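Fold and contact review
Okay, here's what each chain looks like letter by letter:
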Amino acid sequence: GDYLVTIEEKSKATFLRAYMNWRCMSAGSSRVCVRMVGHKMEESYGETLKEQMSIVEMPLSDPPLCISCCPVNGDLLVGCKNKLVMFCLKYLVINQNLTVLDFERSLILHIDNLIPAEVAFCAGHIAITTELDVLILKLELVQQSADGTEQCAHGVSTLEKPVDGGPSTHTLQLELDEFIICQKPVELLGEESKLCEIPVTLESTELPTEDTKHFQVQYLLFRRFTPDQSPFGFCEETKLHSVQLLPVYQTAHEETGNKRELLSLFCFFSLPHVGYLYSVGKLVELISTYQYSEKSEQAVLTPQFLHVITSENLQCFTVRCSAAAARDEDPYIDTTVKACPPVALDVCTLRMQLFIGPRAICHFKNHIILLTKANTEDITERRKPTRRMLSRKADSIKSRTNSESEPGWNLYIINTVSTIQLYREMVDYSRTYENVKTESCIHLLSEAHLLVRAAIMDPSFLKSDEKEELLRAFRESCAALGDCYSRFDTKDYHLALPYYRMSGLSMTEVLKRLVSEGDEIQTYERGFIFYLTHSFNEDLNEELSKESANKVLQIFYLADPVQLPHILCSPCMRNVCPLTAVKYLQKIEKIMPSVVLTLTKAFMALKMGDLTMYEHEMNSYKETILACGFIGQPKLLRQHKKGIVTPTEFAVHLKEMQPGLLVAATVALHENSKIELEEADTFFKMLGSNGENTIPQLLVDFWEALLVVCSQEEILQELLLRVTSQYVWRISNKQLPETKPLKTTEDLINSCNHFGLIFPWVTSLMSGGSPSDRDYHEDISKLQSLLCSQSINIASALPILEPLTEAGNVGLTIHVLCSTRLGKYEEAIDQLLKRCPYAAVLYAQHELKDDNRAVWWNKLLPELCKRTRLAGNDCPILISSLKAETLSVVATELELRDFLSLLPEDGTAAFFLPHLLHCSQKKQLT
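Quick look at the structure, then. (Residues numbered from 1 in each chain as written. Predicted model: local features only at pLDDT ≥ 70, side-chain atom pairs only at ≥ 80, totals over all residues. Heavy atoms only, no water.)

On to the packing of helix α7 (residues 419-430) against helix α8 (residues 438-457), then. The angle between the axes and the distance between the axes are what describe a pair of packed helices. Where α7 meets α8, the axes come as close as 8 Å, and the angle between the chain directions of the two elements is 170°. Between α7 and α8, the interaxial angle falls into the category roughly antiparallel. The residues of α8 that touch α7, namely those facing T419, L422, Y423, M426, V427, Y429 and S430, are C441, L444, L445, E447, A448, L451, V452 and A455. (Axes fitted to C-alpha atoms, helices over the stretch in contact; angles between N-to-C directions. Helix = DSSP H or I, 4+ residues; strand = E, 2+ residues; numbered from the N terminus. Parallel < 35°, antiparallel > 145°, perpendicular 65-115°, else oblique. Contact = heavy atoms within 4.5 Å.)

Here is the structure:
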């Protein structure tokens with residue numbers, strides 16, 4: 001809201017007034033309208049209100065002592081004796097061309113035994129100070145239940161336990177006038193602040209509607225100070241002043257536009273010689289303490305600075321608001337990707353300016369408004385410290401003078417130095433400490449960085465004329481901090497990495513900043529090596545020149561030789577001289593031999609085209625050890641380009657010469673979480689010559705090998721479905737693999753639990769298959785072996801197996817195996833009797849056991865009898881199946897009466913008689 005609120009005194013009466021549309025006075029209009037707060041205005045006054053200033057009278061039952069306007073929503077808080085009154089800002093629509101401002105008294109906070117000296121109000125947070133006490137509260141919205149009753153207490157009137165801070169207020173009132181008893185200093189944060197013995201009760205004054213808001217009080221902070229002591233008594237005027245709540249908003253982005261979203265909130269208050277800055281947003285904590293060189297009169301906090309006036313100076317200090325707000329905005333800011341100077345960084349005094357008699361100060365945008373009063377008294381006398389003993393009599397005597405008649409008042413408007421200019425000055429000044437005081441240089445650069453960061457977080461940043469210059473300065477400050485943490489031996493050397501990343505500098509640019517040209521040997525600090533190591537271990541799309549890559553070899557050979565094999569495998573080192581690399585590796589191998597180093601030498605030999613050296617290195621270890629060696633450095637086989645996995649020259653060579661080692665190494669990488677299943681698929685597809693849409697045999701070999709060792713059920717089922725799909729595709733499309741599979745069906749059965757022994761009835765069925773099936777025998781047998789195990793989820797596999805259901809004996813075996821796994825034995829028997837009756841009994845002998853034996857007489861026997869009757873003597877297979885095995889099993893399992901009931905009425909007695917005799921003899925024997 002664009003309004004001005006004042007506390008005015010006239011004829012010993014105090015008034016609270018708000019001035020609306022006050023800019024009309026500066027435009028030359030002298031018309032003034034006076035109205036009461038909440039007064040309903042008629043539409044007929046519309047044009048008049050547009051051209052005149054309005055004075056809104058805001059009557060109160062008690063004289064107002066202090067006021068504060070909320071910078072977020074424009075609401076007003078008024079401090080009176082034992083209470084605070086809140087006015088909500090309202091926008092009254094008179095007509096479509098005119099909207100006027102007004103206030104509505106909405107809430108009263110009753111606070112017993114408290115006379116506020118100053119208040120601050122922002123986004124529902126309230127800070128109150130008395131002479132030596134600070135209390136910060138938060139108004140929280142209370143949810144209402146369905147019946148309209150509030151779920152939480154509306155106010156706080158009782159407290160758990162008072163702070164042990166000395167005698168109570170009542171006791172103090174009984175003390176003698178010549179004495180004062182000081183209570184102990186107390187600091188209570190968060191929930192503990194409830195113990196401050198200051199009860200708060202809320203009284204809503206709004207007319208109740210559906211939209212009426214209900215609040216409860218949350219205590220955030222309570223702090224009590226004691227007067228400063230000296231050998232001569234108490235220092236004069238030890239009182240709190242300049243309480244302020246400062247909001248910081250979310251960093252503005254193009255997509256959010258002008259929308260301001262509150263991010264963090266800070267509270268500042270000050271004693272004459274020390275100031276305190278607290279964060280009171282997500283967490284209540286003390287951020288900074290400010291020590292003044294002399295007694296302060298007033299202070300004002302901004303997101304970038306703290307401005308303090310003393311009796312003779314205007315002082316400026318740095319603040320940590322942007323550092324704290326940056327961590328509120330991004331809790332993961334302190335990582336290898338991003339960084340920000342710490343909140344605990346010591347504050348700096350930027351500059352002091354001499355003024356005569358500063359009395360009041362305020363801040364607006366890039367202006368400091370300063371009110372001064374030149375005293376006529378002798379300067380030397382004024383500078384003499386005056387002391388007195390505190391007493392109630394002395395406090396009760398106050399001299400009053402008419403300030404209007406006093407001469408010497410001056411008003412100054414001071415333009416602050418632009419952020420960019422001050423940033424440049426701080427960076428230039430930091431260079432004086434580059435070779436002398438490491439921490440001082442880092443400190444100054446951190447201050448400059450925070451200065452720019454605060455400007456970028458300002459809501460007006462997007463419209464600022466300095467936008468591009470600020471962004472450039474931010475990147476420059478990050479680069480400068482990266483240089484410091486790289487060059488200096490500090491405990492925070494690891495910060496070189498995130499600051500360089502935030503700077504946007506390429507690795508080549510960083511090398512130019514830190515590495516001198518020529519062959520002279522330098523000393524490289526931990527920060528620089530840390531940055532290089534992490535950069536090379538990541539998949540950057542940057543290739544160093546041959547000269548830079550060779551320089552990196554020298555750096556790591558001198559600073560961290562263990563990392564050299566890993567560095568050489570980075571895509572950034574593609575242009576390195578392999579001969580130079582081998583020379584360095586041979587030197588390191590004499591001291592610290594390893595499998596990774598040997599593999600790296602073999603990789604370099606391939607780049608040189610020296611196959612003799614390559615074979616010598618690869619023969620240094622067994623294949624199993626070599627496969628595990630790739631775990632130590634996966635980039636020997638695969639690298640990332642623009643987020644896509646690509647095989648290296650090493651992998652391409654292994655594919656041709658040692659495919660088994662390549663598959664074993666990839667399996668080892670997967671099992672050690674060095675490569676994901678989808679990445680491995682892409683890797684092998686890119687190794688294949690048939691494009692990314694076809695599945696090469698080497699990928700199937702990888703899946704089969706992974707099935708041997710995989711223990712994760714989810715991945716296991718995925719692998720089973722993948723190999724099943726590939727087997728089915730090859731069989732149905734009559735497609736042979738482009739390379740010989742690494743494992744046969746027998747190898748898989750012997751090494752993998754997920755491939756089962758093929759059932760005899762399946763073998764019998766396949767013996768009568770077509771000659772063309774023999775060309776794809778390996779895929780057919782692997783598929784049947786999978787289905788003969790208990791691992792694969794048949795329900796999930798059915799859609800994949802659908803193309804084979806009509807494919808001769810292969811399809812029949814697949815169909816029957818699926819029916820069996822699903823428990824559909826009768827359906828399986830029907831399929832066999834229909835298409836291959838000679839296998840029905842073999843199937844029954846293998847599958848119809850234990851709980852499933854009843855299928856012999858409930859299904860197989862009646863079906864055989866039925867089909868034999870229809871076929872007669874034309875189907876000897878049915879007759880032999882019935883006579884040879886089925887009747888014997890049924891006669892052995894059933895009672896004579898049950899057996900007789902199953903026999904067909906028109907059957908030949910001689911055919912069934914031997915089995916009837918066997919059944920009856922069995923009964924007699926038992």
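With that out of the way, let us pick up the nonpolar core. One finds F528, F536, M573, F650 and F702 to be the most contacted residues of the largest nonpolar core, which totals 113 residues. Setting aside residues no more than four positions away along its own chain, M573 makes contact with F536, L544, A549, V552, L553, I567, L568 and K607. Formed by 30 residues, the second largest nonpolar core is a distinct cluster that contains C316, A339, V452 and A496. (Core = buried A, V, L, I, M, F, W, Y, C linked by side-chain atoms within 4.5 Å. Buried < 20%, exposed > 50% of the residue type's maximum accessible area, 1.4 Å probe, protein only.)

One can describe the packing of helix α25 (residues 760-767) onto helix α28 (residues 808-821) by two numbers: an axis separation of 9 Å at closest approach and a directional angle of 160°. Considering their axes alone, α25 and α28 lie roughly antiparallel with respect to each other. Helix-helix and strand crossings are classified by hand; for α25 and α28 the assignment is right-handed. Of the residues in α28, those touching α25 at W761, V762, L765 and M766 are N809, V810, L812, T813, V816 and L817. Class assignment for the residues of the contact of α25 with α28 results in eight nonpolar, two polar and no charged. (Left-handed = near helix turned anticlockwise from the far one by under 90°. Nonpolar A, V, L, I, M, F, W, Y, C, P; charged D, E, K, R; others polar.)

What follows deals with the pattern of salt bridges. All told, the structure shown has 28 salt bridges when counted by the stated rule. When the shortest N-O distance is used, the salt bridge between R17 and E8 registers 2.5 Å. K338 is the salt-bridge partner of D330, the closest N and O atoms lying 2.3 Å from each other. In this structure, a network of salt bridges that share partners links the residues E678, D681, E718 and R722. (Salt bridge = Lys/Arg side-chain N within 4 Å of Asp/Glu carboxyl O.)

With eight of nine residues buried, strand β18 (residues 262-270) lies mostly within the body of the structure. Looking at chain direction, β18 and strand β19 (residues 274-280) are connected through five bridges and run antiparallel. Looking at the pairing, F266 lines up with S279 of β19. In textbook terms, the turn of a hairpin is the stretch between consecutive antiparallel strands, and for β18 and β19 this stretch comprises three residues. (Pairing = 2+ DSSP bridges.)

Turning our eyes to something else, we now look at the sheet that holds strand β17 (residues 241-249). Spatial ordering of the open sheet is given by β17-β18-β19-β20, a layout of four strands whose pairing is antiparallel. Each of the sheet's edge strands pairs with one partner strand only, and the pair in question is β17 and β20 (284-291). Mean inter-strand twist for the sheet, computed between neighbouring axes without regard to direction, equals 20°. When β17 meets β18, the two strands line up antiparallel, connected through seven bridges. Each bridged residue has a counterpart across the sheet, and for H241 the counterpart in β18 is S270. On top of the sheet, helix α4 (residues 321-329) reaches β17, β18, β19 and β20; it is set at about 150° to β18, its chief contact.

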